[in-house]
Amino acid sequence: MEQIVRMLEKPQRYFTAHASWYGVVQTYTVSEITPFFWEDECVMFYVRSGSGFLRVNQTLYPLSQGCFCSMHQFHVFRFEASSEEPLCMEVLIYPYPEMAYFVTSFAEDDLAFGESTVVLPACQVDRELVEQLLSLYREEAQCADEDSRLIRLCISDQLRLLYGTAVSVAPLFPMPLCGQIFLYIGQHSLKALTPASVAESFHISTLQLNRELRRVCLEGFNAVLRHAQVCNACACLLRSNVTGTMMAKFAGFKSESALYRDFLRLRGATPQQYREKMLLNRTQAQGLINDQLSEIQVYVMESFRSSVTCDACAQKLFLTKSIINRLLSEKYGPDITFHKYVNRIRLQFATGLLASSDLPICDVAMESGFNSVHTFIRLFKLECGETPAQYRERKKRDYA
């Protein structure tokens, strides 16, 4: 088993400490050994070139071109570049409140979040597909409208699902006891954990439990658990029907005041202040997200590439068609119906494919959810003022 590295200072936030890194794809180059990091959000890394190692919870994973890494609140990690070539990586932050749209059930007594996250930190993925998704993300990041932000959210989750598929067949690495305990607390932090209960699960004493945790992060059980609980609280911050009391109960805090105290200490902001940062539409002060509208938007984002209908959406979300069309028209204008909204999302997705790939126009139409290339071209010209071929040529000239 790989020798455990002694920590000389506490791991730091780095990637999630930079506000400008949210919502964009950043490039990060490593030419030596980095400090240890312990981030507040999910941070995804794609190795564009180079080789080296990723040390996670004191376990060493090899990195090479095409590797995808997903770091969570239960990972303390650092990068170790090889001497031959530095690691050049693309970095994307996937905040927990946004991830919760896809991986959380929002029933008051059933907010299962922590255990649904894949934990294997690094594996090889489909390079062509990942690079195409990152290119689409950059394209959408140039737009400030809410639809583009939702598309970026869907791309982030596509990357998460792609990674989850890859790790399901990846080889496992032996993890030292300290890493197993640290990971266990992160994965089970929604439960009523105590030092004694966790120690009993590993057949060790509470003294040894804290000693093992300090080998990972120089923190004891209570600090590690609080960090995980604050991340759990973030999972429901964008929901307007979740009260502070409900949030504290879900996240595992004994009281609402304990939630606020630890949230402010670890995130540097109150839950309300953090929630404002995470609102899907940052350009307008519209308060919290309308739950019904957000559910419609997410449903469309997940389904627009197939034959999606207003009837199916209404049945899935337990809404009427009139409510769906009213919510969309209130948000996007009186002429917007469910059908028109779906086509708008399809066209936005198509523009990314046209700009970032050489797919034939007919394939772009099919990939974007249109069942007729003639309909696609007609709607595209109506919306964009030019044909798909003309749009592609113009983008090539712009990027030349």
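Look up: the structure comes first, before these words.
Residues numbered from 1 in each chain as written. Predicted model: local features only at pLDDT ≥ 70, side-chain atom pairs only at ≥ 80, totals over all residues. Heavy atoms only, no water.

Brief notes about the sheet that holds strand β5 (residues 67–71)
We apply this condition: In this analysis, strands are considered paired if DSSP registers two or more bridges between them. For helices the rule is a DSSP run of H or I covering at least 4 residues; for strands it is a run of E covering at least 2, with both sets numbered from the N terminus onward. The angle between two axes is taken between their N-to-C directions and runs from 0 to 180 degrees, where each axis is a line fitted to C-alpha atoms and a helix contributes only its stretch in contact. Contacts are assigned to residue pairs that have any heavy atoms within 4.5 Å of one another.
Here 5 strands make up an open sheet; going across it, the order is β1-β7-β2-β5-β8 and the pairing antiparallel. Edge positions in the sheet fall to β1 (26–30) and β8 (122–124), since each of these pairs with one other strand and no more. Strand-to-strand twist of the sheet, defined as the mean angle between neighbouring strand axes without regard to direction, takes the value 30°. Sheet analysis places strand β2 (residues 42–49) next to β5, joined by 4 bridges and oriented antiparallel. Across the sheet, the residue bridging to Phe45 is Cys69, located in β5. Strands in contact with helix α2 (residues 127–141) are β2, β5 and β7 (87–94); relative to β2, the strand with the most contacts, it is inclined by about 115°.

A few points about the sheet that holds strand β4 (residues 59–63)
Here 3 strands make up an open sheet; going across it, the order is β4-β3-β6 and the pairing antiparallel. Strands with a single pairing partner mark the edges of an open sheet, and in this sheet they are β4 and β6 (77–81). Along the sheet, successive strands turn relative to each other by an average axial angle of 25°, direction set aside. With 5 bridges connecting them, strand β3 (residues 52–56) and β4 associate as antiparallel partners. Each residue of the ladder has a partner; that of Leu54, found in β4, is Tyr61.

Quick word on the environment of Glu393
The following threshold applies: Residue burial is assigned from relative accessible area. The probe radius is 1.4 Å, only protein chains are included, and a residue is buried under 20% of its type maximum, exposed over 50%, and partly exposed in between.
Its location among the elements puts Glu393 in helix α17 (residues 388–399). A relative accessible area of 41% means that Glu393 is categorised as partly exposed. Expressed as a C-alpha distance, the spacing of Glu393 and Leu354, which sit 39 residues apart in the sequence, is 9.1 Å.

Thoughts on empty space enclosed by the protein
Put simply, the test is: Cavities and pockets are found on a 1 Å grid laid over the protein atoms alone: a cavity is a set of points where a 1.4 Å probe fits but cannot escape, a pocket is an open set with protein on both sides within 12 Å along at least five of seven lines, and a lining residue has an atom within 4 Å of such a point. Grid points are joined across faces, edges and corners, and a volume is the space filled by probe spheres set on the points. Amino acids are sorted into nonpolar (Ala, Val, Leu, Ile, Met, Phe, Trp, Tyr, Cys and Pro), charged (Asp, Glu, Lys and Arg) and polar (every other residue, Gly among them).
This model, assessed by the stated rule, comprises 4 cavities of 30 Å³ or more. In this structure, the largest cavity spans a volume of roughly 90 Å³. Taken together, 12 residues line the largest cavity, and the ones lying closest to its centre are Gly23, Pro95, Glu98, Tyr137 and Arg149. Sorting the residues of the lining of the largest cavity by element identifies β7 and α3 (146–167) as the ones contributing at least two each. The biggest single contributor to the lining of the largest cavity is α3, with 4 residues. Split into classes, the residues belonging to the lining of the largest cavity amount to 6 nonpolar, 2 polar and 4 charged.

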